[in-house]
Amino acid sequence: TCGNIAGWGVDFPAFTALKASCTFDLEGGTQPDTTDLVRIYYSFTDDHGDTESVPLGTFFVTVGDVVYYRDGDALIERGSVTGSSTLSVLLDKKLGAPYTVAANTNCVDAANALVKSFDLKTNEPTSNGTVTKSAHTFEPDDSYITVVNWLLSTANYQAVYPDPYGNVMIVPYVAPESRPVTQTFADDEHSIMLPGGGLANDWYETPNVFKVYHENDDECLWASASMDYGSRASLASRGGREVTMVESVDELDGASQAARIANLKAIAQQRLIDNASEIEKVAFTHAYIVMQPNDAVQLDYSGTTWKGNVTDMTIDLSPSTQCETHLRRFVPNTLTITTDGGAAW
């Protein structure tokens, strides 16, 4: 309890490091303890008089722009409060010196241990057995969350995210199209959607060339995958104009250089496929319902049905508890792709 508060808002953006944040206004009463965690609950009472509280998030908070004024004999405080998820512990602390993850390190176990070394609780994940094939060194100005998410990405796990209680969740990555639907929104007599919303397609930002490279003390290998046909974003549709993405590959299998180049070509092709589907985005407003970023949800609207994944969810904790949710749906393409690759040295 921190006195009189107003203007609550909680945001869950999937494509940020922290994954969750909050803001609210404070007037009167006592400021929240900025050295401790603040947990936000959504409480409601149904038609039968039963009350239930649902945790929305757990945050470290800071108080800024405080103004003091008198109301009779009372000294009143007015200010703004912002909160960031428990992942801020990992994001705010820099390595401070080169940090090396040794070869043959179990990626999931190491990530779990590193998170817990900050006195954060995890879901105690089961490792899939992936180990690093070679040592990898991080720069002094990298954050600890960079190390954690690199280890998890190497093991094909998704980036860490907090649950409503502030625990750090470490889970395997599941392709968006393979995620089970957790909620269905329909414009029927039971609809909780509000009028309005919008749909956009960002095919013009879709890459049509993906280049990858692998470099160590002995060699520098490269590979490229090009989308020739099969999409509005393809090279043919764009008159040969490239929209390129580039990525480094730290772990690369192969007993010979030719085998490693072949594997690098396969990586480039898969990266292009993963990034080259057109993406439809939809924003709609609804009454609050328990959901998490990256959840798959289904929309049944005016005879049209499609599935998308939650990329952002903003909850206005006013009496109406209006929630604006952003989804994205991958539009499948039948692509014609060519690959190339070689050794730079």
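Our subject is the structure listed above.
For clarity, every value in this text was computed on a predicted model and none was experimentally measured.

J.: For this particular structure, what's the right way to read helix 4 (residues 257–276)?
T.: Two residues of an α-helix separated by three or four positions point the same way, owing to the 3.6 residues in each turn. The end-to-end C-alpha separation of helix 4 is 28 Å, in line with the 28 Å expected for 20 residues at 1.5 Å each. Within helix 4, the full set of buried residues consists of Arg260, Ile261, Leu264, Ile267, Ala268, Leu272 and Ala276. Down the axis of helix 4, the buried set is contained in an arc of 145°. They therefore lie on one face.

J.: How should I be thinking about the sheet that holds strand 12 (residues 209–215) in this particular structure?
T.: Pairing between the strands of a sheet comes from backbone hydrogen bonds, and it takes one of two forms, parallel or antiparallel. An order of 14-12-13-19 is seen for the 4 strands of this open sheet, with the pairing classed as mixed. In the strand order of this sheet, the two ends are held by strand 14 (244–248) and strand 19 (336–343), each with one partner. Ignoring strand direction, the axes of neighbouring strands in this sheet form an average angle of 15°. Sheet topology places strand 12 next to strand 14; 5 bridges connect them, and they run parallel. From the neighbouring strand, lysine 211 faces strand 14, where its bridge partner is valine 246. Together, strand 12, strand 13 (220–229), strand 14 and strand 19 form the strand contacts of helix 4, whose direction differs from that of strand 13 by roughly 40°.

J.: Would you mind showing me how to read helix 2 (residues 107–116) here?
T.: Regarding helix 2, the residues found buried are Cys107, Val108, Ala111, Asn112, Leu114 and Val115. Angularly, the buried residues of helix 2 cover 165° about the axis, an arc narrow enough to put them on a single face. You can read the cap of helix 2 off the contacts: a side-chain oxygen lies 3.4 Å from the backbone nitrogen of valine 108, and it is on asparagine 106.

J.: Is there a simple way to explain empty space enclosed by the protein in this structure?
T.: Empty space among the atoms becomes visible once a probe the size of a water molecule is rolled across them. In total, this model carries 1 cavity of 30 Å³ or more according to the counting rule given. There is about 60 Å³ of room inside the largest cavity. Phe12, Pro55, Leu56, Pro164, Tyr288, Val290, Met291, Gln292, Pro293, Met313 and Ile315 together form the lining of the largest cavity. At the level of elements, strand 4 (51–71) and strand 17 (304–316) are the ones that each hand at least two residues to the lining of the largest cavity. Across the lining of the largest cavity, the residue classes tally to 10 nonpolar, 1 polar and no charged.

J.: Can you walk me through the layout of surface pockets in this structure?
T.: In this structure, the second largest pocket spans a volume of roughly 440 Å³. When contributions to the lining of the second largest pocket are tallied by element, the ones reaching two or more residues are strand 4 and strand 8 (161–162). In terms of residue count, the dominant contributor to the lining of the second largest pocket is strand 4 (4 residues). Classifying every residue of the lining of the second largest pocket by side-chain character gives 15 nonpolar, 7 polar and 4 charged.

J.: Can you walk me through the side chain of serine 85 in this structure?
T.: By the element assignment, serine 85 lies in strand 5 (residues 74–85). Here the side chain of serine 85 touches leucine 18 through a polar contact of 2.6 Å, landing on its backbone oxygen. Among residues more than four places away in sequence, those in contact with serine 85 are Leu18, Ala20, Thr58, Phe59, Phe60 and Pro162.

J.: Teacher, can you tell me more about the pairing of strand 17 here?
T.: Taken together, the 6 bridges between strand 16 (residues 296–301) and strand 17 define a ladder with antiparallel strand orientation. Within strand 17, the position partnered with valine 297 by the bridge is glycine 308. The antiparallel pairing of strand 16 with strand 17 creates a hairpin that spans 2 residues between the two strands, and serine 302 there sits at a positive phi of about 50°. Here 7 bridges tie strand 17 to strand 18 (residues 322–331), and the two strands are oriented antiparallel to one another. When the sheet's bridge partners are listed, methionine 313 is paired in strand 18 with threonine 325. Linking strand 17 back to strand 18 in an antiparallel pair, the connection comprises 5 residues, with threonine 321 at a positive phi of about 50°.

J.: Even after reading the chapter, I still don't get the nonpolar core, so can you show me in this structure?
T.: Soluble globular proteins: nonpolar side chains tend toward being buried together. Within the largest apolar cluster, 30 residues are counted, with the highest numbers of intra-cluster contacts made by Ile40 and Leu299. Elements supplying a minimum of two residues to this core: strand 1 (5–13), strand 2 (21–27), strand 3 (37–45), strand 4, strand 15 (278–287), strand 16, strand 17 and strand 18. Counting 24 residues, the second largest nonpolar core, distinct from the first, contains Leu90, Leu120, Phe138 and Val148.

J.: Explanation requested: unusual backbone geometry in the structure shown.
T.: Across residues other than glycine, the phi torsion is negative in most instances, and most of the peptide bonds are trans. With phi around 65°, asparagine 104 is a residue other than glycine that occupies positive phi space. Here asparagine 104 is to be found in the loop between strand 6 (99–101) and helix 2. Residue class for asparagine 104 comes out exposed when judged on its relative accessible area of 61%. Phi is positive for asparagine 156, close to 60°, though the residue is something other than glycine. Looking at where asparagine 156 falls in the secondary structure, it is placed in the loop between helix 3 (144–154) and strand 8. On the accessibility criterion, asparagine 156 (49% relative accessible area) is partly exposed.

Conventions used here
- Residues numbered from 1 in each chain as written.
- Predicted model: local features only at pLDDT ≥ 70, side-chain atom pairs only at ≥ 80, totals over all residues.
- Heavy atoms only, no water.
- Helix = DSSP H or I, 4+ residues; strand = E, 2+ residues; numbered from the N terminus.
- Expected span 1.5 Å × (residues − 1).
- Buried < 20%, exposed > 50% of the residue type's maximum accessible area, 1.4 Å probe, protein only.
- Arc of directions from axis to C-beta.
- Pairing = 2+ DSSP bridges.
- Axes fitted to C-alpha atoms, helices over the stretch in contact; angles between N-to-C directions.
- Contact = heavy atoms within 4.5 Å.
- Polar contact = N/O pair within 3.5 Å; in protein donor to acceptor, adjacent residues only side chain to side chain.
- 1 Å grid on protein atoms, 1.4 Å probe; cavity = no way out; pocket = protein on both sides within 12 Å on 5 of 7 lines; lining within 4 Å.
- Points joined across faces, edges and corners; volume = space filled by probe spheres on them.
- Nonpolar A, V, L, I, M, F, W, Y, C, P; charged D, E, K, R; others polar.
- Core = buried A, V, L, I, M, F, W, Y, C linked by side-chain atoms within 4.5 Å.

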